[in-house]
Amino acid sequence: MAIKNSDFTTLYNEYSVLVYNVALNYLQSVEDAEEITQDVFIQLHTSLHKFQEKSTLKTWIYRITINKCLDFIKHKNSQKRFFIFGKKSQNEVELLNISNFEHPGILLENKEKAAVLFGIINELGENQKTAFLLSKVDGLSNPEIATIMELSISSVESLVFRAKAILKEKLSNKFEEYRKKK
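All values reported here derive from a predicted model rather than from experimental measurement.

1. Side note on helix α7 (residues 142-149)
Note: α-helices contain 3.6 residues per turn, so residues at a spacing of three or four share the same orientation. Burial in α7 covers these residues: I145, A146, I148 and M149. Seen from one end, α7 has its buried residues packed into an arc of 165°, which puts them on one side. Directly beyond the C-terminal end of α7, a positive phi value near 55° is found at E150.

Written out as structure tokens, the structure reads:
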């Protein structure tokens, strides 16, 4: 499928907010979400001709965005480990601040609580995190998530259920620690 500039502009206008929000939910950083959004649309521009229409365009864009986020996290984590074990980076501050919580959709007074919540979400396995974020943050249905993740609906249900159980347990532990401090 050949794409014209006007078609790409329409595609960007239709999906840029979705891509940005998914990236922001994964990475909790405005700067990183903007970078991922740019990367996703560069990939879309160069590989749209490869889209085989086995799924919807929206599903394909979700997949690309999630994969870019996961790759980004892996890359940052490997940089962090490399820094711990050896050579210092030119930008030491960036490596030390990888886990800063910066989400513009959360009110200032709730940032500490949200940082704890997203910190625990970030500890989930990739599939659990993806299923949970798509379900509870993006509000997608299990069939939509199953299509995006290329899993069965029952697998998605199981992932969301386990993610919620883990979050409930870890949040209750955090709450207990907090109560003991007071």
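After that view of the structure, there is still more to cover.
2. Points about the packing of aromatic side chains
A full pass over the atoms with the stated rule returns 3 aromatic pairs. Between F8 and F41, the ring centres sit 6.2 Å apart and the planes meet at 80°, which makes this aromatic pair edge-to-face. In this pair, F8 is assigned in helix α1 (residues 5-27) and F41 in helix α2 (residues 30-47), connecting sequence segments 33 residues apart. Classification of F41 by relative accessible area gives buried; the value is 5%.

3. Some points on the confidence of the model for the protein
Summing up the model confidence of the protein, the mean pLDDT is 80 and the portion of residues at 70 or higher is 75%. Least confident of the elements in the protein is helix α4 (residues 92-96), whose mean pLDDT is 38; most confident is α7, at 93. The model gives residues 82-99 a pLDDT under 50, and that stretch makes 13 contacts with residues more than four places away or in other chains.

4. Things to note about the side chain of S47
Looking at where S47 falls in the secondary structure, it is placed in helix α2. By relative accessible area, S47 is classed as buried at 9%. From its side chain, S47 meets the backbone oxygen of Q43 in a polar contact 2.6 Å long.

5. Thoughts on the packing of helix α6 (residues 126-137) against α7
It is the contact of α6 with α7, at a shortest axis distance of 10 Å, that shows an interaxial angle of 140°. One way to sum up the angle between α6 and α7 is to call them oblique. Our pair here, α6 against α7, has a crossing hand that is right-handed. On α7, the residues that touch N127, T130, A131, L134 and S135 of α6 are I145, I148 and M149. Grouping the amino acids of the contact of α6 with α7 by side-chain chemistry returns 5 nonpolar, 3 polar and no charged.

6. Some remarks on the pattern of salt bridges
Under the defined criterion, the tally for this structure stands at 3 salt bridges. Across the pair E150 and R63 runs a salt bridge, and its minimum N-O distance is 3.5 Å. Of this pair, E150 sits in the loop between α7 and α8 (153-181) while R63 sits in helix α3 (residues 57-85), placing them 87 residues apart in sequence. Linking K170 and E123 is a salt bridge whose minimum nitrogen-to-oxygen distance equals 2.8 Å. With K170 in helix α8 and E123 in the loop between α5 (111-121) and α6, this pair connects stretches of sequence that are 47 residues apart. Overall, K170 belongs to the partly exposed group, its relative accessible area being 30%. What makes E123 exposed here is its relative accessible area of 52%.

7. Thoughts on the nonpolar core
Y26, L44 and L134 are the most contacted members of the largest nonpolar core, which totals 44 residues. The set of elements that each furnish at least two residues to this core consists of α1, α2, α3, α5, α6, α7 and α8. No other element matches α1, which puts 10 residues into this core. Aside from chain neighbours lying at most four places away, what touches L44 is F8, L11, W60, I61 and I64.

8. Here's the deal with a nonpolar patch on the surface
A surface patch of nonpolar side chains, about 180 Å² in accessible area, is lined by V116, L117 and L171. Checked against the element boundaries, L171 lands in helix α8. On the basis of relative accessibility, which here comes to 32%, the residue L171 falls in the partly exposed class.

Rules used in this analysis
Residues numbered from 1 in each chain as written. Predicted model: local features only at pLDDT ≥ 70, side-chain atom pairs only at ≥ 80, totals over all residues. Heavy atoms only, no water. Buried < 20%, exposed > 50% of the residue type's maximum accessible area, 1.4 Å probe, protein only. Helix = DSSP H or I, 4+ residues; strand = E, 2+ residues; numbered from the N terminus. Arc of directions from axis to C-beta. Phe/Tyr/Trp six-rings, centres within 6.5 Å; stacked < 30°, edge-to-face > 60°. pLDDT = per-residue confidence, 0-100. Contact = heavy atoms within 4.5 Å. Polar contact = N/O pair within 3.5 Å; in protein donor to acceptor, adjacent residues only side chain to side chain. Axes fitted to C-alpha atoms, helices over the stretch in contact; angles between N-to-C directions. Parallel < 35°, antiparallel > 145°, perpendicular 65-115°, else oblique. Left-handed = near helix turned anticlockwise from the far one by under 90°. Nonpolar A, V, L, I, M, F, W, Y, C, P; charged D, E, K, R; others polar. Salt bridge = Lys/Arg side-chain N within 4 Å of Asp/Glu carboxyl O. Core = buried A, V, L, I, M, F, W, Y, C linked by side-chain atoms within 4.5 Å. Patch = residues over 30% accessible without salt bridge, like charges linked within 9 Å, V, L, I, M, F, W, Y side chains within 5 Å. Areas by Shrake-Rupley, 256 points an atom, 1.4 Å probe, with all protein chains shown as cover.

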